[in-house]
Every structure is written in structure tokens, then in C-alpha cells.
Amino acid sequence: MDEVSFRSDTVLSDVHLYTPNHRHLMVRLNSVGQPVFLSQFKLLWSPDSGSESARYGDVPTREPPPPGPGSPGSPPRSSHVGESVALQAGQEGLGAQLDEDGDLDVVRRPQATSEPDPAEPPRDKVHPMILTQEEAGVPGPEGPESGPHSIIQIEHTMATTLEDVGKQVWRGALFLADYILFRRDLFQGCTALELGAGTGLASIVAATVARTVYCTDVGADLLTMCQRNVVLNSHLAAAGGGVVKVKELDWLKADLCTDPAVPFSWSEEDIADLYSHTTVLFAAEVFYDDDLTDALFHTLSRLARRLKNACTAILSVEKRLNFTLRHLDITCEAYDHFRSSLQALERLAEGRLRFVVERVEASFPQLLIYERIRQLELWKIVAEPAP
């Protein structure tokens, strides 16, 4: 086996990392381009049905399913996207089950066909379609139940190396999208900026309410995929009068790229609009590497000082347990570093601003079909004038 090196001790536990062995299937796929999947995420509420946050109280709440094993770290897969039962936010996790010899006893999830009297009505199954990167046209949702404003289509890959994790759909982005739809008052008619947008799911949802959403990340191939997703869902933004602009924003650089020759660079008009009107920043599932976490918080602080208006940042994170060789134990190093960065930001007293950090209770309704687990957290940072 060839030597493998990692940039950080702790990585996303559910990212598929592959050794650079040329015989490995995924390495061969990488050499010719991995297949792209188109997953459809169904909204349990349509933007056309109302605009007040109070309406979300009418969304039916599912009862939690019987206890069973879960995989809190796995992103949506082609075989079960849209099939996971919506768990209540307060549900406690399960302890490990051991057999009489002390070994881990793995209990398989029962098949739906083996349940003669299911507690819940049948759920819609979503079957992703494999596309080629060169396809220009993508079929839209079909069927009477797939209304134009109830389906979000996202192109993504199923497995990546650490450098390309943005090409996957992460549960934290769905969690953040739920909050955006719940807090329409915060996003209504605003200018918003997403950091580390990946496939652009959260930006697309935000554009159903916001006036302008700057959807940012790095890497021309990732931003191209993101732009395709924006086009696929342009009808959602148009219904709310919003627009999504895909741009490059590198957290390791102090200035925005304005070179017209660089794809997804910024125009002077966009930069002026960004600094003059932005009031909301948000990010999901970008806290898996300590260096990148530090860079993100530096970027947040720098942007807050340059914005002309007070701003609110919403951060979505999943607390992941990882076994590290350094400790020979299960730790949450990436999450712990994220929490330390929050505390450092709150203690920061720089110039005219102060940062107020608050954890958001995960009691808001679930409007996208995914498995909401207790390891998902939302944090709100308010940048306001210092007293």
C-alpha cells in the first residue's frame, strides 16, 4: 500500500478517503471523472402556501420511530435519500449493544415490507439519476405530487477525497435549510452570503426569501457544479424574487478576486453591494479541519468589520466522534476546536464591534426529509456595535 498523508488528525468520519493505490476502483473513477448524481429533496411545505413563520406550526410532526441503530455521520446516499425518518430534535442517542461475549451486536434495520402495520404512511422514495458531466439538459421532476415549488434538485457526488467534500450533500446543510425556512423574517428581502457553499443547497433555499444570495466557495469545478444547481432550481428563487450569484471566496486570502479572467470572480458592483447591504452570513458543515476553521472565523471577523450594517451569522455543525491514533481514543477534536473558536470570537474586542454567540435550540419544524439527529447544532453570532 502506498503511503497516505493527512493534513489534520481529525477528518469527517463519513467522508470516503481512498489510498492512492492505482488499482482502487475510486482512484480509477477519479481519473476519468466520478459519476454525478441528481437527488431530489422534497419540501414538506411549499413557499407558495404562505410567508409567515407561524405557518410552520401547522406542519405535521412525525412521531419518533422505534429505537434502532443509526449512522450519524453518513451523508445522504443514493439508496436512501429522502427515506430517513425525521427524528425529533430532543431524541437521545442509543448506547452500544453488546452480546454475551462483549462483542458489538449489530441490529439490522427492518425492511419496510416486513412491517405489516407500519406506524407511518409510506414515504416517497427518491432515486438519484446518474448523469455525465457534459450533459446540458437535465430532466425536471415528474408526477402530480412533484410540484414546481416542492422539489429541490441537487447534483452531487457520493464519495470524495478530503479536498472535494464540498461536492457531497451533508446533513448539516439540510438542517440549516430548515432553519432558513423557519426564520423567514431574518432572511426576508436581505442580502446574504454563504461561506463554503459546496453544492449550493442552503443558498438555493435562502434565495426563496432573500433578495440576493452570494453563494461562495473555492475551486472552479466545485463552483461549476454549484452554478448548475442554481440553474436547476432557478424557479424557486424567481418565485420569491431572489437571485443567487455564485462567486469564489478563499478564506485564506484577505481580498476578493476581481480578475475578469478568473471564473466566478467579483465585479466592482457586486463587491459594493456585498459590503453595503449584507446582513446575514451562513455556513454549514465546514468545521472539519482546524486550519480551515481558523480561516473561516478570521474571514467572518474581517467581513463583519467591513460591512456597513450589523450582521448575523448562522453556523451549522455536526458533532462527530472520531477515533484518533494520537489519543488511541474516541474524540471530537474538530468540534472542540470549533467551540474554542466561538469562545475566542466572543472574547474578541476589536474596534467598534462585539460578537454575541448563542446556540439555537433545534426545536424548529423539519421541512426537508432527512434524519435529524441530536449531534446537529446551530449557532448564531450577532455582530453589533460595542458599548
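Look up: the structure comes first, before these words.
Residues numbered from 1 in each chain as written. Predicted model: local features only at pLDDT ≥ 70, side-chain atom pairs only at ≥ 80, totals over all residues. Heavy atoms only, no water.

Engineer: Lay out the overall build of the protein chain in plain terms, naming residues and giving numbers.
Structural biologist: The helix and strand tally for the protein chain stands at 9 helices and 12 strands. Within the protein chain, the proportion of its 387 residues that are buried is 48%. A separation of at least 24 residues holds for 76% of the contacts in the protein chain among residues at least 6 apart in sequence. In the form shown here, the protein chain has an accessible surface area of approximately 19500 Å², with 53% of it arising from carbon and sulfur atoms. (Helix = DSSP H or I, 4+ residues; strand = E, 2+ residues; numbered from the N terminus. Buried < 20%, exposed > 50% of the residue type's maximum accessible area, 1.4 Å probe, protein only. Contact = heavy atoms within 4.5 Å. Areas by Shrake-Rupley, 256 points an atom, 1.4 Å probe, with all protein chains shown as cover.)

Engineer: Give a description of the environment of alanine 173 that names residues and reports values.
Structural biologist: In this fold, alanine 173 is placed in helix α2 (residues 171-182). Counting along the chain gives 25 residues from alanine 173 to glycine 198, while the straight-line C-alpha distance between them is 9.4 Å. Not counting residues within four places of it along the chain, the set of residues in contact with alanine 173 comprises Leu201, Ala284 and Glu285.

Engineer: Explain unusual backbone geometry to me, and be specific about the residues and the numbers.
Structural biologist: Only a minority of non-glycine residues have a phi that is not negative, and only a minority of peptide bonds are not trans. Although it is not a glycine, phenylalanine 264 sits at a positive phi angle of roughly 65°. Within the secondary structure layout, phenylalanine 264 lies in the loop between β6 (243-248) and α7 (268-277). Non-glycine residue glutamate 285 carries a positive phi angle of around 55°. By the secondary structure assignment, glutamate 285 is in the loop between β7 (278-284) and α8 (290-306). Take glutamate 285: its relative accessible area is 8%, and that puts it in the buried class.

Engineer: So what about the packing of aromatic side chains? Which residues, and what values?
Structural biologist: The full count for this structure, using the stated rule, is 9 aromatic pairs. Ring centres of phenylalanine 187 and phenylalanine 282 lie 5.9 Å apart, and the angle between their planes is 75°; on these two criteria the pair is classed as edge-to-face. Separated by 95 residues along the polypeptide, phenylalanine 187 in helix α3 (residues 184-187) and phenylalanine 282 in strand β7 bring together distant segments of the chain. Residue phenylalanine 187 shares its accessibility class with phenylalanine 282, and that shared class is buried. One aromatic cluster is present, built from ring pairs that chain together Phe175, Tyr179, Phe182 and Phe364. (Phe/Tyr/Trp six-rings, centres within 6.5 Å; stacked < 30°, edge-to-face > 60°.)

Engineer: Let's hear about the sheet that holds strand β8 (residues 311-318): which residues, and what values?
Structural biologist: Read from one edge of the open sheet, 7 strands run β6-β5-β4-β7-β8-β12-β11, paired in mixed fashion. Only two strands of the sheet have a single partner each, and these edge strands are β6 and β11 (353-360). Pairwise comparison of adjacent strand axes, ignoring direction, gives a mean angle of 20° for this sheet. The sheet contacts of α7 involve β4 (191-194), β5 (212-217), β6 and β7, and relative to β7 the element is tilted by about 95°. (Pairing = 2+ DSSP bridges. Axes fitted to C-alpha atoms, helices over the stretch in contact; angles between N-to-C directions.)

Engineer: Pulling in residues and values, what's your account of the environment of lysine 247?
Structural biologist: Tracing the sequence through the fold places lysine 247 in strand β6. Taking the relative accessible area as the measure of exposure, lysine 247 reaches 12% and is therefore buried. Separated by 3.2 Å, the side chain of lysine 247 and the backbone oxygen of serine 265 make a polar contact. (Polar contact = N/O pair within 3.5 Å; in protein donor to acceptor, adjacent residues only side chain to side chain.)

Engineer: Talk me through the environment of leucine 303; I want residue IDs and the actual numbers.
Structural biologist: Considering the arrangement of structural elements, one finds leucine 303 in helix α8. When its relative accessible area of 5% is taken as the criterion, leucine 303 is described as buried. For the pair leucine 303 and threonine 278, spaced 25 residues apart in the sequence, the C-alpha separation amounts to 9.7 Å. When near neighbours in sequence (up to four residues on either side) are disregarded, leucine 303 contacts Leu193, Leu195, Tyr275 and Leu281.

Engineer: Residue-level account of the pairing of β8, with values.
Structural biologist: On any regular strand, side chains alternate: one points to one face of the sheet, the next to the other face. Burial analysis of β8 places 8 of its 8 residues in the buried class, the great majority of the element. In β8, alternate side chains face the same way, and those of Cys311, Ala313, Leu315 and Val317 on one face and Thr312, Ile314, Ser316 and Glu318 on the other are all buried. Examined bridge by bridge, β7 and β8 share 5 bridges and lie parallel to one another. Note that in β8 the partner of leucine 281 across the bridge is alanine 313. Note on the crossover from β7 through α8 to β8: the handedness is right-handed. Examined bridge by bridge, β8 and strand β12 (residues 376-385) share 8 bridges and lie antiparallel to one another. (Right-handed = clockwise from strand over helix to strand, strands pointing away.)

Engineer: Help me get a handle on the pattern of salt bridges, residues and values and all.
Structural biologist: Applying the stated criterion across every chain, the model contains 15 salt bridges. The partner of aspartate 270 in a salt bridge is lysine 245, with the nearest N and O atoms 2.9 Å apart. Taken as a pair, aspartate 270 in helix α7 and lysine 245 in strand β6 lie far apart in primary sequence, 25 residues in all. For aspartate 270, a relative accessible area of 9% puts it in the buried group. (Salt bridge = Lys/Arg side-chain N within 4 Å of Asp/Glu carboxyl O.)

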